[in-house]
Amino acid sequence: METMYKADRLYNEMMEVDQKIKALEVKDEQSITEYFRLYKELIYNHKWIGSVYDIYADDAKLYRENGDLYDGAHAIMQEALKFTAAFPDLKIHMRDCFAVKKGDEYKVWQYYTMEGSNRNQSIYGPATMRELNPNECITMSMATVRNINGKWRIVREFTMYSMECIKAACKPAEQ
């Protein structure tokens, strides 16, 4: 019996998601919903952060709950990298997602929860080893997507994280 290393298993899982994306024919609300759901899984659950460039337009705008604006795919990628650096074992659990066609665009809504442990020094401070509570760490987003040069890309997104939950996981223990 051949032993499979954890890294090989994780790589195989990541490649399975990538193959599903490549095999998907994006043509309607259901398929566009699945397309962006799979990419979100690839980016956050498998830490394939560079995939941000596959789904965001170069000049995309991401608006966050705290009023921050991330302007461009590169800034959005950097934000995803900073967040996953704090929670390297981060997993998202898609609770609901759907799309609505509006002219030549789609509006894609996603509702998911997050779990993971604050294991690394990050923009949030030193590692605390505290966990995100998946029952409280809720994320909601609405993205406008458009076909740009034959690829569906997010051009504008509004995302709200449960920052109180994230801050609680990153707060040092009381001395």
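Note that the coordinates shown come from a computational prediction; the quantities given were computed from them, not determined experimentally. (Residues numbered from 1 in each chain as written. Predicted model: local features only at pLDDT ≥ 70, side-chain atom pairs only at ≥ 80, totals over all residues. Heavy atoms only, no water.)

1. Re the layout of surface pockets
- By volume, the largest pocket amounts to about 190 Å³.
- Along its surface, the largest pocket is lined by K6, L10, N45, H46, K47, P88, D89 and K91.
- Residues of the lining of the largest pocket, tallied by class, amount to two nonpolar, two polar and four charged. (1 Å grid on protein atoms, 1.4 Å probe; cavity = no way out; pocket = protein on both sides within 12 Å on 5 of 7 lines; lining within 4 Å. Points joined across faces, edges and corners; volume = space filled by probe spheres on them. Nonpolar A, V, L, I, M, F, W, Y, C, P; charged D, E, K, R; others polar.)

2. Remarks on the packing of aromatic side chains
- Enumeration according to the criterion identifies eight aromatic pairs in this entry.
- Ring geometry for Y35 versus F36: centroids 5.0 Å apart, planes at 90 degrees, classification edge-to-face.
- Aromatic side chains Y106 and W152 sit 5.3 Å apart centroid to centroid with 70 degrees between the ring planes, which places their arrangement in the edge-to-face category. One end of the pair, Y106, is in strand β4 (residues 105–117); the other, W152, is in strand β7 (residues 151–160), with 46 residues separating them in the sequence.
- Pairwise contacts between aromatic rings join F83, F87, Y124 and Y161 into one cluster.
- The ring of Y161 carries the charged tip of R64 above its face, separated from the ring centre by 4.0 Å. (Phe/Tyr/Trp six-rings, centres within 6.5 Å; stacked < 30°, edge-to-face > 60°. Helix = DSSP H or I, 4+ residues; strand = E, 2+ residues; numbered from the N terminus. Lys NZ or Arg CZ within 6 Å of the ring centre and 35° of its normal.)

3. Some remarks on the side chain of N45
- Its location among the elements puts N45 in the loop between α2 (29–44) and α3 (52–55).
- Judged by its relative accessible area of 13%, N45 is buried.
- Polar contacts involving the side chain of N45 include one to the main-chain amide nitrogen of I92, which spans 2.6 Å.
- Apart from residues no more than four positions distant in its own chain, N45 is found in contact with K40, L90, K91 and I92. (Buried < 20%, exposed > 50% of the residue type's maximum accessible area, 1.4 Å probe, protein only. Polar contact = N/O pair within 3.5 Å; in protein donor to acceptor, adjacent residues only side chain to side chain. Contact = heavy atoms within 4.5 Å.)

4. Observations concerning the nonpolar core
- Grouped together as the largest cluster of nonpolar side chains are 46 residues, with contacts concentrated most on F36, F87, M114, L132, V145 and I166.
- With eight residues, α2 is the single largest residue contributor to this core.
- Residues contacting L132, with those up to four places away along its chain left out, are F87, L90, M114, E115, G116, C137, C165, I166 and A169. (Core = buried A, V, L, I, M, F, W, Y, C linked by side-chain atoms within 4.5 Å.)

5. Notes on the pattern of salt bridges
- One pass over the structure, following the stated rule, counts ten salt bridges.
- Put simply, K61 and D71 hold a salt bridge, and the shortest N to O gap is 2.7 Å. Taken as a pair, K61 in strand β1 (residues 56–64) and D71 in strand β2 (residues 69–71) lie far apart in primary sequence, ten residues in all.
- A relative accessible area of 47% means that D71 is categorised as partly exposed.
- Its salt-bridge partner being R64, residue E65 comes within 3.1 Å of it at the nearest N-O pair.
- The network of salt bridges with common partners includes E34, R37 and E41. (Salt bridge = Lys/Arg side-chain N within 4 Å of Asp/Glu carboxyl O.)

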